[in-house]
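Close look at the chain arrangement
Okay, here's what each chain looks like letter by letter:
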Amino acid sequence: MKMWELLKTIFSPTQYMPHGSCYLWQTSLVWLHLLSDLLIAIAYFSIPTMLLYFLYKRKNEVPFLGVFILFGAFIILCGFGHLLEVWTLWHPAYWFSGVEQALTALVSCCTALQMATLLPKFLALKTPEQLEAVNRELQHQIVERQQAEQILQNIVVATSSVTGEEFFPALVENLAKALDVTYVIVSERIKDSFELKTLAIWGEGKIRDNIEYNFLNLPCGSVINEEELFCYPQKIQEIFPDKTILQNMKAESYLGMPLLDENQQVIGVLYVVSNKILADPESAIAMMKVFATRATSELLRQRAEIARRQAYDELEIRVQKATEGLHLRTAELVEANTVLEKEIKEKVAAGLAIQARENRLKKQQTGLLKLAKSKNLYEGNLQAALQEITELASNILNVEKTSVWFYNEDKSELKCADLYEISTTQHSQENSLFTGEISLLYQNVNDRDINLEDNIDNHLNTQEKLVDYFSPISVSSTLNIPINFKGQITGFICLDNKGYYRNWEVEEQNFGSYLAYMTALAMESRDRLQAELNLRQKNQELATTLEQLQTAQQELIQSEKMVALGQLVAGVAHEINTPLGAINSSINSIANFWETYLEKLPIFFKELSPERQEDFFGLLKKSNSGRISLSTREQRQIKRNLVSQLKTHLVERGTTIANYLLGIGVYDNLEEFLPLLRDSNSEEILKIAYQFANVQTSSKTIRTAAERAAKVVFALKTYARYDSTGEKIKANILEGIETVLTLYHNKIKHGVEVIKEFDNSLPLIQCYPDELNQVWTNLIHNALQAMEYHGSLTIQATQSDADIKVSITDSGQGIQPEIMSKIFQPFFTTKPRGEGSGLGLDIVKK
């Protein structure tokens, strides 16, 4: 009754005269004000509605969100003021109306001040004319780029059709026109001297005569000595002030590229000299690299042609001399022909070897690609995957036997998981081998990446065990590749060659390493499948237990004689429902991840460079060690800091990248990831890293929830005794609260603002952290339901003398005074039947 009287005093006081009396209660006048204020209020409320719709559609694209919020609040208060004008026609709530007008004035002043501070930014926004100018500039750049690409294509066409003496003049002429430079020179180094001989010179619009010159202390000298590109976009004469040749050429800029042979030795140099600043060095460098490669190929071809001509000339001289002294030099001529034939055969054999190697590599790549697409590799079917791997290895490398061996736990025994014989096309499993009986041929697999033997006879004379294994198939050479799984050598792949001593090529060793990696991938898939099966089995057990508990709870509730036991069973059912929901949500998150990215990940990792792979796993490691739950305010602050850092480091797409970094858990020290962030494919890499971080979080959530559910089931066996079966341990109260907030993240994120007022200096305390976590769970769950998952949730944790005080407050309607004394009673609930058990606060109190 007191509350009702207070409300009447505020909203309908009797000491004042209603506003309608001022209008003498004239019906037309009252209706005029009533309709006017109502229409104005409707108009005011429609404005923030449209603003909210605009914000929803534009989401993170709104640059001045604070002004939008203040302006919306101001409009809402104005509309509310007009509604109060209607109310005061009959109820003189002038004090309440005055407070509302004061609040409106305060918000309007804040809005005006905010507008004043943001006015320079508003004025700094580009006009449509400026935006049009920017678009024109971009179109101009696109046209220039297309022109450059067309010029490059013209040069390629012009030089691809010529060889020999005409090639280098065509090259320098077209390159000079494309880069718009004064001089383009291609020179050949005279053996290992300090002299260069020009192959073609384009200068001041025409082909010049070739010369020889010393390159010491010239820009060309730096290019040759350092064996790398040198670019001086401007002021070349100031860098080399004593060189009159640069002064005579009126040189302003220089760009030089070394010509390297197959041994990475400098055989020449291609460079341009211009009497003006080099306008676009990056494009020029890219174009120079293309034609430096082309010039190198042509120079090597010409050298080979000269060598061939010299050989023919020498042969002709030998033939001529042999003709003059035919009878005396016949033997010498035969010997010379034999040597020449041998050289020709060697060259032909070398060409055939190169072709054969290319064919082998192509065959290996095709086999690996087919294996990478195999479902057995990713669906946990390890035995089928091993059969595919051994069969592929035997067929691709043409070896008699391919087998996969795994160590036992103490590495005292080797067990053959699969063996494929190409002669019988059958799969089998060899008997186990004991490592103490095996030669160092196998034991060394633990110490080196790859172990190979061209001649197995060196070991057969001393190891009877190996004789029994190798003799029946006449194994002559073997290649052993270690299988590295989870940082440990767990076994190896053995390739046994039959008949002849085999020299294992590098590409064959690399192919074996790829197969070992695929084996480790299949093992990981098997373990993941087993973990998923165990998890499903555990979930089924928990679901069965929950069903039994719910049945027992219904029976106990109906029996007044077993109230205590009914409270316990119902409490267990209430507690176990929460971790089951968390487990189900996390499993769905992990399943969605694998469904989306399972087929993409192998391609993604294959396309990543080693540097990007290192950065990628560095992100995951940092996410696993440093990811914490943050409030909305903290997230905004960290995001602003990240965007600022990215802008400082000249990283493009700062807002998008900051969102991903925030989700991964990387908040500072971005220097080590700058190469990744500047990569053109950084957004895709960060997106997948963000998904991996979410999987890590879901896995931790499953582990936490499963442990809690297991403890609940164990507690049920104590037959309703409320007593801890373990010992107290030191724990951080804040970590328990953060864990519960993480489990309820999906419920909170759509409409609840979490305000955390934590004293981060709180000490560790001796407690039962699992029971405390259930306290936080029940209180937060009730709070969220009380405000229908929309509002603010404030959590305070402070120290008071020797105690720690935790306060959880929601913005709901509150608890009615008449039921306050009943809230801790078991089974008392204000929720509809079937939605609440009435045991949450009872469990908290206990």
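This section reports on the structure supplied with the text.

**Focus: helix 27 (residues 769-786)**
Taking 1.5 Å as the rise per residue, helix 27 with 18 residues should run 26 Å; its terminal C-alpha atoms sit 26 Å apart, in good agreement. Every buried residue of helix 27 is accounted for by N773, Q774, V775, W776, T777, N778, I780, H781, A783 and L784. E788, located one to two residues past helix 27, shows a positive phi value of around 55 degrees.

**What to know about the pairing of strand 14 (residues 488-498)**
Most of strand 14 sits out of view: nine of its eleven residues are buried. The pairing of strand 8 (residues 401-407) with strand 14 spans six bridges and is classified as antiparallel. In the sheet register, W405 faces strand 14, and the bridge partner there is F492. Where strand 13 (residues 475-485) and strand 14 come together, ten bridges link them in antiparallel fashion.

**What about the environment of Y667?**
Summarising the element assignment, Y667 is placed in the loop between helix 22 (654-664) and helix 23 (674-677). For Y667, a relative accessible area of 17% translates into the label buried. For the pair Y667 and Q635, spaced 32 residues apart in the sequence, the C-alpha separation amounts to 9.8 Å.

**Notes on the packing of helix 25 (residues 733-743) against helix 27**
In contact at an axis separation of 9 Å, helix 25 and helix 27 are set at 45 degrees when each is read in the N-to-C sense. By the angle between their axes, helix 25 is oblique relative to helix 27. Crossing hand, helix 25 versus helix 27: right-handed. Where helix 25 approaches helix 27, its residues I733, G736, I737, V740 and L741 are matched on the opposing element by L772, N773, W776, T777 and I780.

**Let's talk about unusual backbone geometry**
Despite not being glycine, K411 shows a phi value in the positive range, around 60 degrees. As for its placement among the helices and strands, K411 is situated in the loop between strand 8 and strand 9 (413-421). A relative accessible area of 31% means that K411 is categorised as partly exposed. The backbone phi angle of Y789 is positive, close to 60 degrees, even though this residue is not glycine.

**A few points about the pattern of salt bridges**
Taken as a whole and judged by the stated rule, the model has eight salt bridges. Close ionic contact of E204 with R208 constitutes a salt bridge, the shortest N to O distance being 3.1 Å. Judged by relative accessible area, E204 falls into the exposed class, the value being 52%. As a salt-bridge pair, R528 and E532 come within 3.9 Å of each other at their nearest N and O atoms. One end of the pair is R528 and the other is E532, both in helix 17 (residues 506-558) and four residues apart, which spans about a single turn. Taken together, the shared-partner salt bridges connect E305, R308 and R309 into one network.

**Some details on the side chain of T296**
On the secondary structure map, T296 appears in helix 11 (residues 281-324). You can call T296 buried: its relative accessible area is 8%. With sequence-adjacent residues up to four places away left out, T296 is seen in contact with L259, L260 and I267.

**Here we look at the nonpolar core**
Ranked by size, the top nonpolar core spans 33 residues in total, and within it F616, L619, L661, L677, L686 and F692 carry the most contacts. For this core, the element with the highest residue contribution is helix 24 (residues 682-716), accounting for seven residues. Excluding anything up to four places from it in sequence, L661 contacts L619, L642, V666, L670, L677 and L686.

**Digging into the packing of aromatic side chains**
Applying the stated criterion across every chain yields a total of five aromatic pairs. Geometrically, the ring pair formed by Y232 and F240 is edge-to-face, given 5.8 Å between the ring centres and 90 degrees between the ring planes. The pair Y232 / F240 is uniform in exposure class, with both members buried. Between Y254 and Y271, the ring centres sit 5.6 Å apart and the planes meet at 35 degrees, which makes this aromatic pair tilted. Of this pair, Y254 sits in strand 6 (residues 253-260) while Y271 sits in strand 7 (residues 266-274), and the two are 17 residues apart along the sequence.

**Examining a nonpolar patch on the surface**
A contiguous nonpolar patch, built from W31, L35, L38, F80 and L83 and spanning about 430 Å² of accessible area, is present on the exposed surface. Contributions of two or more residues to the nonpolar patch are made by helix 3 (27-58) and helix 4 (65-87). Among the elements that make up the nonpolar patch, the one with the highest residue count is helix 3 (three residues). When you line up the elements, L83 lands in helix 4.

**Here we look at helix 19 (residues 600-607)**
Among the residues of helix 19, L601, F604 and F605 are the ones counted as buried. One side of helix 19 carries all its buried residues, which in axial view fall inside an arc of 90 degrees. Turned more than 90 degrees off the buried face of helix 19, the exposed positions are I603, K606 and E607.

**A word on the sheet that holds strand 16 (residues 752-758)**
Read from one edge to the other, the open sheet built from three strands follows the order 16-18-19, with strand pairing classed as mixed. The sheet is open, and its two borders are formed by strand 16 and strand 19 (803-810), each paired with just one other strand. The average angle at which neighbouring strand axes cross in this sheet is 10 degrees, direction not considered. Set on the sheet, helix 27 makes contact with strand 16, strand 18 (791-800) and strand 19; between it and strand 19 the angle comes to about 20 degrees.

Procedures and definitions
- Residues numbered from 1 in each chain as written.
- Predicted model: local features only at pLDDT ≥ 70, side-chain atom pairs only at ≥ 80, totals over all residues.
- Heavy atoms only, no water.
- Helix = DSSP H or I, 4+ residues; strand = E, 2+ residues; numbered from the N terminus.
- Expected span 1.5 Å × (residues − 1).
- Buried < 20%, exposed > 50% of the residue type's maximum accessible area, 1.4 Å probe, protein only.
- Pairing = 2+ DSSP bridges.
- Axes fitted to C-alpha atoms, helices over the stretch in contact; angles between N-to-C directions.
- Parallel < 35°, antiparallel > 145°, perpendicular 65-115°, else oblique.
- Left-handed = near helix turned anticlockwise from the far one by under 90°.
- Contact = heavy atoms within 4.5 Å.
- Salt bridge = Lys/Arg side-chain N within 4 Å of Asp/Glu carboxyl O.
- Core = buried A, V, L, I, M, F, W, Y, C linked by side-chain atoms within 4.5 Å.
- Phe/Tyr/Trp six-rings, centres within 6.5 Å; stacked < 30°, edge-to-face > 60°.
- Patch = residues over 30% accessible without salt bridge, like charges linked within 9 Å, V, L, I, M, F, W, Y side chains within 5 Å.
- Areas by Shrake-Rupley, 256 points an atom, 1.4 Å probe, with all protein chains shown as cover.
- Arc of directions from axis to C-beta.

It is worth stressing that arrangement in space is one thing and function is another; only the former is reported here.
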